[in-house]
Amino acid sequence: MLSLDPSGPEWDCPLGSKDLEEEGPWGGGSGLPPTGCFPGSWRQDVGLDCKGSPEGAEARAWTVYYYSLLQSCLQQAGLPETQDRSQVPRTGNMLLCLSPAWLMKVPAPGQPGEAALLVSKAVSFHPGGLTFLDDFVPPRRATYFLAGLGPGPGRGREAAELARDLTCPTGASAELARLLEDRLLTRQLLAQQGGVAVPATLAFTYKPPGLLLGGDASLGLRLVELSGKEGQEMLVKEEVEAFLRSEALGDILQVAVKLSGWRWRGRQAWRLHPRAELGAVVDTVLALLEKLEEEESVLVEAVYPPAQLPCSDGPSPGPGLAVRICAVVCRIQGDRPLLSKVVCGVGRGDRPLRHHNSLPRTLEVALAQCGLGEEAQVAAVRQRVKAAAEAALAAVLALEAGLSAEQRGGRRAHTDFLGVDFALTAAGGVLTPVALELNGGLCLEACGALEGLWAAPRLGPAADEAVAAPLVETMLRRSARCLMEGKQLLVVGAGGVSKKFVWEAARDYGLQLHLVESDPNHFASQLVQTFIHFDMTEHRRDEENARLLAELVRARGLKLDGCFSYWDDCLVLTALLCQELGLPCSSPAAMRLAKQKSLTQLHLLRHHGPPWPAPSLHAVPCCPLESEADVERAVHQVPLPGVMKLEFGAGAVGVRLVEDAPQCHEHFSRITRDLQGEADHPGIGLGWGNAMLLMEFVEGTEHDVDLVLFGGRLLAAFVSDNGPTRLPGFTETAACMPTGLAPEQEAQMVQAAFRCCLGCGLLDGVFNVELKLTGAGPRLIEINPRMGGFYLRDWILELYGVDLLLAAVMVACGLRPALPTRPRARGHLVGVMCLVSQHLQALSSTASRETLQALHDRGLLRLNLLEEALVPGEYEEPYCSVACAGPSPIEARLRLLGLCQGLGIDGPSYPVAHFLSHFK
């Protein structure tokens, strides 16, 4: 990572009295960047000028400085030098602008007071560490902006102005940075709202900011508001004396006196004093008071000595080692904080330990250097740092939620990541992190520097373990939301209660939805911009219906950006309609191929490649069934035992294990009699008819693979595990995510699903592929050419922060979703299905919908409601899914098992422990 507001060690040193009198916050200077900082060899004759935006000498010097800084970082990481391709620009998602002249703000039509941000020149980043210097004609529109902000030399002021009141999301603003840089405000916020330990502090402030609520002595914070900057000697002396004698300082021997406020960012004017030197502390406070401006403070705070770690072998003969902990925490999906990485600095205990004056190292190495190597104790320290850092960001986000758009610097300005500096103290024999300050980039820079130590030998953490990974995910997600806001989408088929999330998400994303639905009274008809009532239940007429619907769309003057469906019955119709309207979609032929299960398998069985491995390796022998004669022929062609299912079915309705020919005939007759049309069981595909197929039964564990494809390229894949079914039926019983498969097996499943989709011609969309992992490798059960159903979208969003719905609508609009290459799961979910036939009594009492919802709201379980009514029947789908989260699958499984036993979901006829047995 690059620091866009460089600060050298000389700006972090303590100031003497002469310094306090003569130096401003940035120590003067010419306004030019440092020279001779980057020893190295790279081309100097690159085109850094932006056409139409000439720079003066000083601005040009800064642009050259930042370009050299980038090349130095690339060189140290062992990556190639940036290539100047400004004459033939390449596209890229991540752009680095080294000069304000490379960017421009233009008024946004229809959005008074806001501006779009356009990029004319940038450094773009590509896989393999390649970077390119590009010009963009016409300029590209930014969909997310993260700027280095600051009042000092460099580009901080210009960046702050560029970030203000943009139409695209921003990850920082000058207004929010001012709040973070106010130590008094943030310490009060952390202590009062986040429950985070902060240093005992006495603050003198002149005209404090309005967000300051007053000091809380019980938390070790004391705020003294001054009426003026002069004539305060007696008050200062009384307050300092009381503070130095207070119990809040405990056995602290030293205090620091420093200035707090935005102007002093990057250089801290401060001095250390023994606690006993009252006069010296008072004199320093009075000297600093003269420098105060409105909303600034003088702080007197405790200085914590190096912690005596539990495993230290007695006191060391020297001053001991002090540890300063840097934690980076990011805002992830759902505005939740997540600790990304922790690094430490280690130095002499009798000297100030600050950024840039110690080498970064891991928490484990730092604690071991100080004498603490016991694994459990180190883990406990890490957990306390994690809890404190995440609580700090949660408090900041809660504060921001109460601010106006003007106070935040724009309606789209939010803090997306936070650096938290901690000192490690031993309080009551427990090692406790004490939050010293918040910062917008120094901790991120320190974590990046630690990762850079491993760059040359290529032995460091994988890219998905990089400190910036959660931040990049947030940037991509917010960028996608920006791109999709206001997009006009036609939805074909509204679905049932299990798809209610679609309408909530659409409102959240700012999508303009137009719905085609057969039910004129569907609840979703009131939730869309346009409702088109159209009977499309007879899917044998899809081609004719597509033409009629296209005419209706044109007659209503709808200007659509895309058209999509998540409802099984409507997938072929949607592809035909997209073809009529000229909208992006996989071809109707591919959809038909995937929709009809026997057609899928038989087509793939003939697909021997190249390239190898071919999809035929994953297909399973089968035979379509439309008559009793077909059944008789099939039992001689397909090895038994086999599986009989509806050709166009969904939800495992009517799927059965058959052992011999009589069972095949019996089950075919039963389905032919009971499930003849849509009215017999709505929503499972009977609008396509009730034809069946017989396929070979393969032994193995069952898995779902949810894929995002764009232009035939695999963008993301998520693998989950299913529990054993209640044979002879195949209704799902339990599931676990992420998969417990070994990495090689997981890769096999993903590649099998991907190859099967490509083999059927599915190139664009979000698809759900069901497979079994056998001794001979993955075998295909079926392809669902739409977003995964049941709980899958919710679980993937919860664990990975990736919304399959958002990805689906982006692909439908012809936009490539920018998804993390290797998304990291943030925990584990293990769930079990509830069936009306097995749980009617529990679902009507101990596990009622109201009870389950209350437990969900308290975070004790995760509920996904799949049906509305408790109606038992021979052919049933699950009523709901209940799941528990945990840091490991074992812990999540044990929580769920206990919950199911308490709620009455577990029982002799529905042994939850057996269904969860695959997840050990």
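Residues numbered from 1 in each chain as written. Predicted model: local features only at pLDDT ≥ 70, side-chain atom pairs only at ≥ 80, totals over all residues. Heavy atoms only, no water.

Section: the sheet that holds strand β20 (residues 642-646)
Spelled out, the test is: Following DSSP output, two strands are said to pair if at least two bridges run between them. The numbering of helices and of strands both runs from the N terminus, where a helix is a DSSP run of H or I of at least 4 residues and a strand a run of E of at least 2. Convention adopted: a line fitted to C-alpha atoms gives each axis, helices being fitted over their contacting stretch, and angles between N-to-C directions are expressed from 0 to 180 degrees. Contact definition: two residues touch when any of their heavy atoms are within 4.5 Å.
If you walk across this open sheet you meet the four strands as β19-β22-β20-β21, and the pairing is antiparallel. Strand pairing shows two members of the sheet lacking a second neighbour, β19 (622-625) and β21 (656-658), which therefore form its edges. Recorded for the sheet is a direction-independent mean angle of 25 degrees between the axes of neighbouring strands. Each of β19, β20 and β22 (692-696) is contacted by helix α17 (residues 597-605), which is oriented at about 145 degrees to β19, the strand it contacts most.

Observations concerning the pattern of salt bridges
Rules: Here, a salt bridge means any Lys or Arg side-chain nitrogen found within 4 Å of an Asp or Glu carboxyl oxygen. Here the term buried applies to any residue with accessible area under 20% of the maximum for its type, exposed to any over 50%, and partly exposed to those in between, with areas from a 1.4 Å probe on protein chains only.
Under the criterion given, the structure shown has 34 salt bridges. The shortest N-O distance in the salt bridge between E451 and K341 comes to 2.8 Å. Taken together, the residues E451 in helix α11 (residues 442-452) and K341 in strand β12 (residues 336-348) connect sequence positions 110 residues apart. Overall, K341 belongs to the buried group, its relative accessible area being 16%. With a closest N to O distance of 3.2 Å, K645 and E782 form a salt bridge. Taken together, the residues K645 in strand β20 and E782 in strand β27 (residues 777-784) connect sequence positions 137 residues apart. The pair K645 / E782 is uniform in exposure class, with both members buried. By sharing partners, the salt bridges in this structure join R183, R324, D421 and E437 into a single network.

Some points on helix α22 (residues 804-812)
Formally: Polar contacts, as used here, are pairs of N or O atoms within 3.5 Å; protein pairs need one atom able to donate a hydrogen and one able to accept it. Residues neighboring in sequence count only if both atoms are side-chain atoms.
Counting buried positions along α22 yields nine of nine residues, so the element is predominantly enclosed. If you check which residues of α22 are buried, you get L804, L805, L806, A807, A808, V809, M810, V811 and A812. Its side-chain oxygen at 2.9 Å from the backbone nitrogen of L805, D803 defines the N-terminal cap of α22. Downstream of α22 by one or two residues, G814 has phi in the positive range, about 80 degrees.

So, unusual backbone geometry
Residue L640 is joined to P641 through a cis peptide bond whose omega torsion reads 5 degrees. Mapped onto the secondary structure, P641 falls in the loop between α18 (628-637) and β20. Cis rather than trans, the peptide bond between M737 and P738 has omega equal to -5 degrees. Among the structural elements, P738 can be located in the loop between β25 (734-737) and α20 (743-759). Positioned with a positive phi, E295 is a non-glycine residue whose angle comes to about 70 degrees. Position of E295 among the secondary structure elements: in the loop between α7 (278-289) and β10 (296-303). One non-glycine residue, F790, adopts positive backbone phi at about 55 degrees. Of note, F790 is situated in the loop between β27 and α21 (792-800).

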